[in-house]
Amino acid sequence: MTGFLLAISFAGLLNLLPLRKGTPPLRHSGTGCHHEPQIHSRTYPDIGALAFGQRGRLIVAVFMYLELYLVAVDFLILEGDNLEKLFPAASFRLGALKVSGKQGFVLAATLVVLPTTWFSSLSVLAYVAAGGALASVVLIAAILWVGVFNGVGFHERGRLVHWAGIPSAMSLYSFCFSGHAVFPMIYQGMKDKKRFPMVLFICFTVSTLSYGFMGIIGYLMYGDALKSQVTLNLPSGKVSSKIAIYTTLVNPLTKYALVVTPIAEALETTLGVGKSRLLRVLVRTALVVGTAVVALAVPFFGDVVALTGALLSCTATMLLPCLCYLRVRAKVIRPSQKMYWMETAVCSAIVVVGAAIVVLGTYSSVKQIVRSL
């Protein structure tokens, strides 16, 4: 349900805010609407500025880009965990320095994704990301195969509700809908921008159903023994298990560049190096190296994902879209329609729920990380 509400909220926001340069927003009146020049909104921080001024721009930028940064970190941790599952006895040497298998795999994944971040064309990244969507379908099919044909079954029960784990569960679920800072960039890269609201709605619908389905079958297959990544539970040696793990490895590799690009573009604009190919490559390389360092320092996938979901993803996907939408809407629409008050009630409810998840989820995930260090 969260996905549907977010899709509606953000699609409504994009209808109010122009992301195409040169098109002013609409100001509604009692008999219709007319144009009034405003800030040209091309990124999510621009929307924050339009809603709350420069302070809003800063707050939105911090949450959006830090969220994407930690998502990129989570991708590298995910690569290390699954490669270690495939090759548990692996280890590496860098001169006199011995590197564990997981750390070596994180470094290897970093080298693989690094060249993909150098592309400035969104059309190239779109083809790469399409491969990730296909990998997700293959992953679900492979895990279903393990449950049906490899003797695992769907018979585990365990505890249906673990109340102490609700904050972490909600944090993880919020993480699944992370990446809002990418939306304006995707919108700008679309040939037919009118289709964006429908594309957004379809993506959220498919994602919501996929996440829910994977959660249910994972619980039925492994119960309380289910790990932070279901691929770590799969039986070793089975072809279907290897297919699931390999597709899990492909997915982050195809999405990493798309997640990092908004951060890189913001840094390039701030540093004024957008016109220099060499300097852009150096900025993006430094950004990727930074994510690798964090992934090596805090290699706890479940806990890092929970923290990202609670503090950043939940704020970026539940609080900021609703707050910005309500603020901007108040500037352009008079509160005279019944739908106006209904939207206000729905957005307010999302903000309340989101604030609760941020507080409880952040506390729970930070406590788990401190215990694991």
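See the structure above.
Report on the accompanying structure.

What counts and what doesn't
- Residues numbered from 1 in each chain as written.
- Predicted model: local features only at pLDDT ≥ 70, side-chain atom pairs only at ≥ 80, totals over all residues.
- Heavy atoms only, no water.
- Helix = DSSP H or I, 4+ residues; strand = E, 2+ residues; numbered from the N terminus.
- Buried < 20%, exposed > 50% of the residue type's maximum accessible area, 1.4 Å probe, protein only.
- Contact = heavy atoms within 4.5 Å.
- Areas by Shrake-Rupley, 256 points an atom, 1.4 Å probe, with all protein chains shown as cover.
- Salt bridge = Lys/Arg side-chain N within 4 Å of Asp/Glu carboxyl O.
- Core = buried A, V, L, I, M, F, W, Y, C linked by side-chain atoms within 4.5 Å.
- Axes fitted to C-alpha atoms, helices over the stretch in contact; angles between N-to-C directions.
- Parallel < 35°, antiparallel > 145°, perpendicular 65-115°, else oblique.
- Left-handed = near helix turned anticlockwise from the far one by under 90°.
- Nonpolar A, V, L, I, M, F, W, Y, C, P; charged D, E, K, R; others polar.
- Pairing = 2+ DSSP bridges.
- Disulfide = S-S within 2.5 Å.
- Expected span 1.5 Å × (residues − 1).
- Bend = angle between axes of the 7 residues up to and from the residue.
- Patch = residues over 30% accessible without salt bridge, like charges linked within 9 Å, V, L, I, M, F, W, Y side chains within 5 Å.
- Phe/Tyr/Trp six-rings, centres within 6.5 Å; stacked < 30°, edge-to-face > 60°.

We now examine the overall build of the chain. Within the chain, the secondary structure is distributed over eleven helices and four strands. By the burial criterion, 45% of the 373 residues in the chain qualify as buried. Considering only intrachain contacts with a sequence separation of at least 6, the fraction spanning at least 24 residues in the chain is 74%. Entry remark: accessible area of the chain is about 18900 Å², with carbon and sulfur atoms responsible for 70%.

Enumeration according to the criterion identifies five salt bridges in this entry. In this structure, the salt-bridge partner of arginine 57 is aspartate 46, at a minimum N-O distance of 2.6 Å. Arginine 57 sits in the partly exposed class, given a relative accessible area of 25%. Residues lysine 102 and aspartate 81 are paired through a salt bridge, measuring 2.6 Å at the closest nitrogen-oxygen approach. Here lysine 102 is found in helix H3 (residues 101-113), whereas its partner aspartate 81 is found in helix H2 (residues 44-86), with 21 residues between them in sequence. Judged by its relative accessible area of 16%, lysine 102 falls in the buried class.

Our next topic: the nonpolar core. In terms of nonpolar packing, the biggest core is built from 42 residues, with Met64, Leu68, Leu76 and Tyr256 touching the most fellow members. Of all the elements in the fold, those that place two or more residues in this core are H2, H3, helix H8 (239-271), helix H9 (277-297) and helix H10 (301-332). With 16 residues, H2 is the largest single contributor of residues to this core. Apart from residues no more than four positions distant in its own chain, tyrosine 256 is found in contact with Ala72, Phe75, Leu76, Val113, Thr117, Val288 and Thr291. Membership of the second largest hydrophobic core comes to twelve residues, among which are Ala142, Met221, Val230 and Leu234.

What describes two packed helices is the angle between their axes and the distance between those same axes. Viewed as axis vectors pointing N to C, H2 and H10 meet at an angle of 160°, and their least axial separation amounts to 9 Å. Considering the angle they form, H2 stands roughly antiparallel to H10. Here the hand of the crossing between H2 and H10 comes out left-handed. Among the residues forming the contact of H2 with H10, the class breakdown is 24 nonpolar, four polar and five charged.

Sheet topology places strand S3 (residues 91-94) next to strand S4 (residues 97-100); four bridges connect them, and they run antiparallel. Paired with leucine 94 across the bridge in S4 is leucine 97. Between the end of S3 and the start of S4, which pair antiparallel, lie two residues, with glycine 95 showing a positive phi angle near 70°.

With that out of the way, let us pick up the state of the cysteines. Counted according to the given criterion, the structure contains zero disulfides. Sulfur of cysteine 324: no disulfide; nearest cysteine sulfur belongs to cysteine 322 and is 9.6 Å away. Of the cysteine sulfurs around cysteine 347, a residue in no disulfide, the closest is that of cysteine 322, at 4.2 Å.

Further remarks concern the side chain of threonine 362. Note on placement: threonine 362 falls in helix H11 (residues 338-372). Not counting chain neighbours up to four residues away, the residues in contact with threonine 362 comprise Leu307, Ala310, Leu311 and Ile357.

Here glycine 354 is to be found in helix H11. Beyond its immediate stretch of four places on either side in the chain, glycine 354 contacts Cys314, Met318 and Leu319.

The subject of this paragraph is H8. With 33 residues, H8 extends 48 Å from end C-alpha to end C-alpha; this agrees with the ideal 48 Å at 1.5 Å per step. At threonine 261, H8 is deflected by roughly 35°, the largest bend along its length, and proline proline 262 occurs up to four residues later in sequence. A positive phi of about 70° marks glycine 272, the residue just after H8.

What follows covers the environment of leucine 144. One can find leucine 144 in helix H4 (residues 122-149). Through-space distance from the C-alpha of leucine 144 to that of glycine 218 is 9.4 Å; in sequence the pair is 74 residues apart. Discounting chain neighbours no more than four positions away, the residues touching leucine 144 are Phe154, Phe213 and Ile217.

There is a patch of nonpolar side chains on the surface, built from Leu160, Val161, Trp163, Ile166 and Met170 and spanning about 550 Å² of accessible area. Note on placement: leucine 160 falls in the loop between H4 and helix H5 (166-175). Its relative accessible area of 75% is what places leucine 160 among the exposed residues.

Scanning the entire structure with this criterion turns up six aromatic pairs. Their ring planes at 75° and their centres at 5.2 Å tell us that tyrosine 173 and phenylalanine 177 sit as a pair that is edge-to-face. A residue is classified by how much of its surface remains accessible, and phenylalanine 177, at 4% relative accessible area, is buried. Ring centres of phenylalanine 177 and tyrosine 211 lie 5.7 Å apart, and the angle between their planes is 90°; on these two criteria the pair is classed as edge-to-face. Of this pair, phenylalanine 177 sits in the loop between H5 and helix H6 (183-189) while tyrosine 211 sits in helix H7 (residues 196-222); the two residues are 34 residues apart in sequence, bridging distant segments of the chain. Ring-pair connections join several aromatic residues into one group, and the members of that group are Tyr173, Phe177, Phe204 and Tyr211.

Let us look at the packing of H2 against H3. Across the interface, H2 lies against H3 with an axial gap of 8 Å and an inter-helix angle of 125°. As judged from the angle between their axes, H2 and H3 are oblique. Note that H2 runs across H3; the crossing there is right-handed. Of H3, the residues touching H2 (which contributes Leu76, Ile77, Glu79, Gly80, Asp81, Leu83 and Glu84) are Lys102, Phe105, Val106, Ala109 and Thr110. Its residues assigned to classes, the contact of H2 with H3 shows six nonpolar, two polar and four charged.

In short, geometric facts, not functional conclusions.
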